[in-house]
Structure formats: structure tokens, C-alpha cells
Amino acid sequence: GDIMNKKVLRLEIFGFIFTCAIGTLMHFVFEWSENNPIVGLFCPVNESVFEHLKVLFFPYLIWTFIEAIKLSQDKFNIYTAKLIGITLGMLITLAVFYISARMFGRYFEVVNIASFFIGIMFAYIISYNIINYSKGKGLINGISFALLIIIAIIFIFFTLSPAHIPFFLDFKTQTYGITKQH
């Protein structure tokens, strides 16, 4: 009961801090690595909206595995909670970003940064509540684990082969993806 909730809450708070810190650092890692293509699969390679979702997704995914290990004795729907959390967190980030851009007619860096933290905050609030209020079910948790891995693969795929639509466009260089296609 109660002790478990505190353990989960503590892990989720640390996860929030971890994701914010690592996600913030990730903005610079591709440049620091001298544009290493392996690093670019997981870190933003340009200023597109799509690439910036990586800074939410990948640190959150790493923390998901850490948390799953820490809570492995307890039968929780961790992967289900995390899948729903990060999916809604990314959608909330996009909503804040696009709605504010429409409202103000332009993009503000402060709004981009705020949307990142708001999205992460919601992702952890949602996952905490699902972990806390659901019993572990092997099948749904297994499917959710697979879907998290599939999302990671989709990020990698679209880094290498972006669609030529505004979502993938680096508006500063007017290029797409890691190969800087025009």
C-alpha cells in the first residue's frame, strides 16, 4: 500500500528530473560529438519539431528501464504506464508548441522550452497514476514494451529518412534529417 506509493512517487520524481536534465543536454550532444551519426539517431540532428521530440522520448525510455528494474519485484504495469505517459507527454508538448505558434503567429524559444518541461511533467504525472492505480498484467505490459521499442525504431527511421513535410523541416537551414536533404 502506502510505502509502495512513496517508492513509485520517488522514482517518478527522480525520473522527471533525470529526463529534464538529460533531455536538455541532448540538445548539444550531436554537435559535441562532431555530428556522429550514431549519436544523431538518439539526439536532435536539426531544429525540426520531430527531432526535438527525441529529447523527451529517449531519456524517458532510459528511465523507464531503470524504473522497471527498481520495481521488478512489484507487479506493476510499468511499460503500459510509460507508453501512455510518453505518448500523451509528446502530444501535449506538440499541442503547447503549435497552439502557441498559432496564437502568436511565430515561434518563441521560451515556449519551445516550456512545452518540453510541460510535456515531461504530464508524462510522469500520467505514468505515476497508472502505475499507482493498476495491477500488473503481463500481456498488456509486454505489448506496451514492444510498442515503446517500435517508437524508438520509428524515431531512428525518420532521422535517417525524414518525410519532406514541415514537421521534419529544420526551418533554420531549410533541410531535412541527418543527411541535410533539401
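The present account deals with the structure reproduced in this document. (Residues numbered from 1 in each chain as written. Predicted model: local features only at pLDDT ≥ 70, side-chain atom pairs only at ≥ 80, totals over all residues. Heavy atoms only, no water.)

### A look at the packing of aromatic side chains
Across all of its chains, the model carries 19 aromatic pairs by this definition. Between Phe57 and Phe58, the ring centres sit 5.2 Å apart and the planes meet at 80°, which makes this aromatic pair edge-to-face. By the burial criterion, Phe57 is buried, and Phe58 matches it. These aromatic residues form a ring-pair network of at least three members: Phe42, Phe50, Phe57, Phe58, Phe155, Phe157, Phe158, Phe167 and Phe168. (Phe/Tyr/Trp six-rings, centres within 6.5 Å; stacked < 30°, edge-to-face > 60°. Buried < 20%, exposed > 50% of the residue type's maximum accessible area, 1.4 Å probe, protein only.)

### Things to note about the packing of helix α3 (residues 49-70) against helix α4 (residues 78-104)
One can describe the packing of α3 onto α4 by two numbers: an axis separation of 10 Å at closest approach and a directional angle of 155°. One element, α3, and the other, α4, form an angle in the roughly antiparallel class. The way α3 lies across α4 gives a crossing that is right-handed. Residues Val49, Leu53, Leu56, Phe57, Tyr60, Thr64, Phe65, Glu67 and Ala68 of α3 form the contact with α4, whose participating residues are Ile78, Tyr79, Ala81, Lys82, Gly85, Ile86, Gly89, Met90, Thr93, Leu94, Phe97 and Tyr98. In the contact of α3 with α4, the residues fall into 15 nonpolar, four polar and two charged. (Axes fitted to C-alpha atoms, helices over the stretch in contact; angles between N-to-C directions. Helix = DSSP H or I, 4+ residues; strand = E, 2+ residues; numbered from the N terminus. Parallel < 35°, antiparallel > 145°, perpendicular 65-115°, else oblique. Left-handed = near helix turned anticlockwise from the far one by under 90°. Contact = heavy atoms within 4.5 Å. Nonpolar A, V, L, I, M, F, W, Y, C, P; charged D, E, K, R; others polar.)

### Focus: the environment of Gly15
By the secondary structure assignment, Gly15 is in helix α1 (residues 2-32). Here the alpha-carbon distance between Gly15 and Tyr60, two residues 45 residues apart in the chain, equals 7.3 Å. When neighbours within four sequence positions are excluded, Gly15 is seen to be in contact with Trp63 and Tyr124.

### A closer look at the nonpolar core
With 42 residues, the main nonpolar core has Leu56, Phe57, Phe58, Ile86, Met90, Leu148 and Phe155 as its most contacted residues. Listed by contribution, the elements that provide at least two residues to this core are α1, α3, α4, α5 (109-133) and α6 (138-160). Tallying contributions element by element places α3 first for this core, with 11 residues. Those residues in contact with Phe155 that sit more than four places away from it in its chain are Phe50, Leu53, Lys54, Phe57, Phe58 and Met90. (Core = buried A, V, L, I, M, F, W, Y, C linked by side-chain atoms within 4.5 Å.)

### Let's talk about the state of the cysteines
Per the counting criterion, the structure on display carries zero disulfides. Cysteine Cys20 is unpaired, with the sulfur of Cys43 as its nearest cysteine sulfur at 16 Å. Classification of Cys20 by relative accessible area gives buried; the value is 9%. Here Cys43 falls in the buried class, since its relative accessible area comes to 7%. (Disulfide = S-S within 2.5 Å.)

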